[in-house]
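Geometric and topological summary
What follows is the residue order along each chain.
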Amino acid sequence: MKISTCPFLKTTVLAGAMLAMGTTTNAATFTALTSGNFSAGATWIGGIAPSFLVATDIVVIPSGITVTLDNSATLNGTLGSLNVDGSLVSSNASHLTINTGTFSGAGNISVDSLALMISSGFNYTGTITARAISTTGATVGSNANITANSLLDLQGSSLNVNSGTLTLGTGATIRRSGGSLSNGGGTIVLTNNYHVHYTSTSSNTGLELNGSGLSDITIDVPSGNTVTLTSDMYVKGMLTLTSGMLSLNNRNVTFMSTGNFAASGTGEIEATTPSNIIIMSGSNF
């Protein structure tokens with residue numbers, strides 16, 4: 001008996017096999033062999049550098065090795081993985097974006113800026129230092145020791161310090177653009193002089209107002225939006241109302257001896273009993 005094969009079936013099976021082969025060959029492990037630039041083949045075992053877009057590959061920086069990020073890099077793929085037990089540093093304005101995938105290790109990361117969009121797979125427990133750190137679109141649970149030297153930008157998402165630490169550098173700003181800051185058991189260090197800026201949308205105040213280093217506070221949400229106090233506010237620097245409303249919500253605002261106030265545009269304060277505005281002796285209010 002002669003058996004004939006359907007041409008369509010042969011084509012379909014061949015295409016599926018090629019797709020499976022492509023998926024396998026596209027995934028690779030890149031392990032740093034010696035300190036050097038991220039883009040240099042000599043830095044990696046096998047002499048081939050990984051792509052700056054890590055989608056399906058596994059990138060490993062072992063302990064004792066420093067890889068210099070000489071261009072911006074992104075982890076963006078559920079199969080992708082970045083493991084840093086050594087050091088990942090940048091010598092320019094290169095930034096690191098952690099979107100999806102697995103982010104792990106216990107090493108040291110020091111970059112110009114770091115964008116965190118990862119809602120799961122954040123298993124990194126080492127140190128992170130950056131000029132600017134942002135969270136966007138997802139609740140980020142951190143067990144790392146993080147320092148934001150100039151800006152912590154919370155964009156529509158929550159940064160939850162589960163363990164480890166979060167430290168703001170001197171003169172840094174916490175910008176809340178619909179996001180928030182929470183403590184799940186770690187340590188939030190707000191002892192250095194820092195500022196808070198509310199923008200983009202309505203929000204309830206939170207831990208950002210509780211630090212001993214709090215100085216300037218700016219309310220700059222769109223007209224019709226409100227920043228609502230959930231605890232008393234102590235102003236040691238300048239309270240600036242540019243746009244939107246500050247609702248005291250039965251809480252007090254105290255202008256300390258170094259406190260001051262500035263209003264411009266359409267900014268306003270809504271106060272109801274038993275709210276109080278308290279002006280300490282020596283204030284420039």
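Quantities reported herein were computed from a predicted structural model and do not represent experimental measurements. Position numbers for residues start from 1 in each chain and track the written sequence from start to end. Under the rules for a predicted model, residues below a pLDDT of 70 receive no local features and side-chain atom pairs below 80 are neither given nor counted, while totals for whole chains, interfaces and linings still include all residues. Just so you know, side-chain values use all the structure's heavy atoms and leave hydrogens and water out.

1. Here's the deal with the pattern of salt bridges
For this analysis, a salt bridge means a side-chain nitrogen from Lys or Arg found within 4 Å of a carboxyl oxygen belonging to Asp or Glu. Taken as a whole and assessed by the stated rule, the structure comprises three salt bridges. We note a salt bridge from glutamate 208 to arginine 176, for which the minimum N-O separation is 2.8 Å. Highlighted residues: glutamate 208 in the loop between β20 (203–204) and β21 (214–220) and arginine 176 in strand β16 (residues 172–177), separated in sequence by 32 residues. Note on accessibility: glutamate 208 and arginine 176 belong to one class, buried. Elements are defined by DSSP. Helices are runs of H or I of four residues or more, strands are runs of E of two residues or more, and each kind is numbered from the N terminus. With a 1.4 Å probe rolled over the protein chains alone, any residue whose accessible area is under 20% of its type maximum counts as buried; one over 50% counts as exposed, and the rest are partly exposed.

2. Section: the confidence of the model for the protein chain
pLDDT measures how confident the predictor is about each residue, on a scale from 0 to 100. Across the protein chain, the average pLDDT comes to 88, with 90% of residues at 70 or higher. Any two residues whose heavy atoms approach within 4.5 Å are treated as being in contact. The low-confidence segment residues 1–25 (pLDDT under 50) makes one contact with residues lying over four places distant or belonging to another chain.

3. Points about the sheet that holds strand β22 (residues 226–228)
A sheet is described by the order of its strands in space; here four strands give the open sequence β20-β22-β25-β28, paired in parallel fashion. Each edge of the sheet is formed by a strand with only one pairing partner; in this case those strands are β20 and β28 (268–270). One bridge is not enough; two strands pair if DSSP finds at least two bridges between them. In the sheet, strand β25 (residues 245–247) pairs with β28 via three bridges, with the strands oriented parallel. Within the sheet, the bridge partner assigned to methionine 245 lies in β28 and is glutamate 268.

4. Details of the pairing of strand β19 (residues 194–199)
The two faces of the sheet receive side chains in turn, since in a regular strand these alternate between them. With five of six residues buried, β19 lies mostly within the body of the structure. With five bridges connecting them, β16 and β19 associate as parallel partners. For arginine 176, the partnering residue across the bridge sits in β19 and is tyrosine 198. Looking at chain direction, β19 and β21 are connected through five bridges and run parallel. When the sheet's bridge partners are listed, tyrosine 198 is paired in β21 with isoleucine 219.

5. With respect to the pairing of β21
Sheet topology note: the β21/strand β24 (residues 238–243) ladder contains four bridges and is parallel. Residue pairing across strands places isoleucine 219 opposite leucine 241, the latter belonging to β24.

6. Some points on a nonpolar patch on the surface
Residues qualify for a patch when their relative accessible area is over 30% and they have no salt bridge, like charges being joined within 9 Å and the nonpolar side chains of Val, Leu, Ile, Met, Phe, Trp and Tyr within 5 Å. Using the Shrake-Rupley algorithm and a 1.4 Å probe, accessible areas are obtained, with residue cover drawn only from the displayed protein chains. A contiguous nonpolar surface patch, about 230 Å² in accessible area, is contributed by Ile269, Ile277 and Ile279. Residue placement: isoleucine 277 occurs in strand β29 (residues 277–279).

7. A few points about the side chain of aspartate 153
As for its position among the elements, aspartate 153 is in strand β13 (residues 145–155). Looking at aspartate 153, the relative accessible area reads 6%, which means it is buried. The contacts of aspartate 153, once residues within four sequence positions are left out, are Ile133, Ser134, Thr135, Arg175 and Ser177.

8. Thoughts on the sheet that holds β29
Ordered by their spatial adjacency, three strands build an open sheet running β23-β26-β29, and the pairing between neighbours is parallel. Strands with a single pairing partner mark the edges of an open sheet, and in this sheet they are β23 (233–235) and β29. Strand-to-strand twist in this sheet, taken as the mean axis angle between neighbours without regard to direction, amounts to 15°. Bridge count between β23 and strand β26 (residues 253–255): three bridges; the pairing is parallel. Looking at β26, one finds that valine 235 is bridged to phenylalanine 255. Here an angle of 0 to 180 degrees is reported between the N-to-C directions of two axes, which are lines fitted to C-alpha atoms, with helices fitted over the stretch in contact.

9. Brief notes about the side chain of serine 94
Locating serine 94 in the fold gives a position in the loop between β7 (87–90) and β8 (95–105). At 2.4 Å, the side chain of serine 94 forms a polar contact with the side chain of asparagine 92. Each residue touching serine 94, except ones within four places of it in the same chain, is listed here: Leu69, Asp70, Asn71, Ser72, Val111, Asp112 and Ser113. As used in this structure description, the phrase polar contact means that two N or O atoms lie within 3.5 Å; if the pair is within protein, one of them must be able to donate a hydrogen and the other to accept it, and residues adjacent in sequence are counted only when both atoms belong to side chains.

10. Regarding the environment of asparagine 183
Examined against the element boundaries, asparagine 183 turns out to sit in strand β17 (residues 180–183). When the C-alpha atoms of asparagine 183 and leucine 207 are compared, they prove to be 8.3 Å apart, with 24 residues separating the residues in sequence. A polar side-chain atom of asparagine 183 sits 2.8 Å from the main-chain amide nitrogen of glycine 185.

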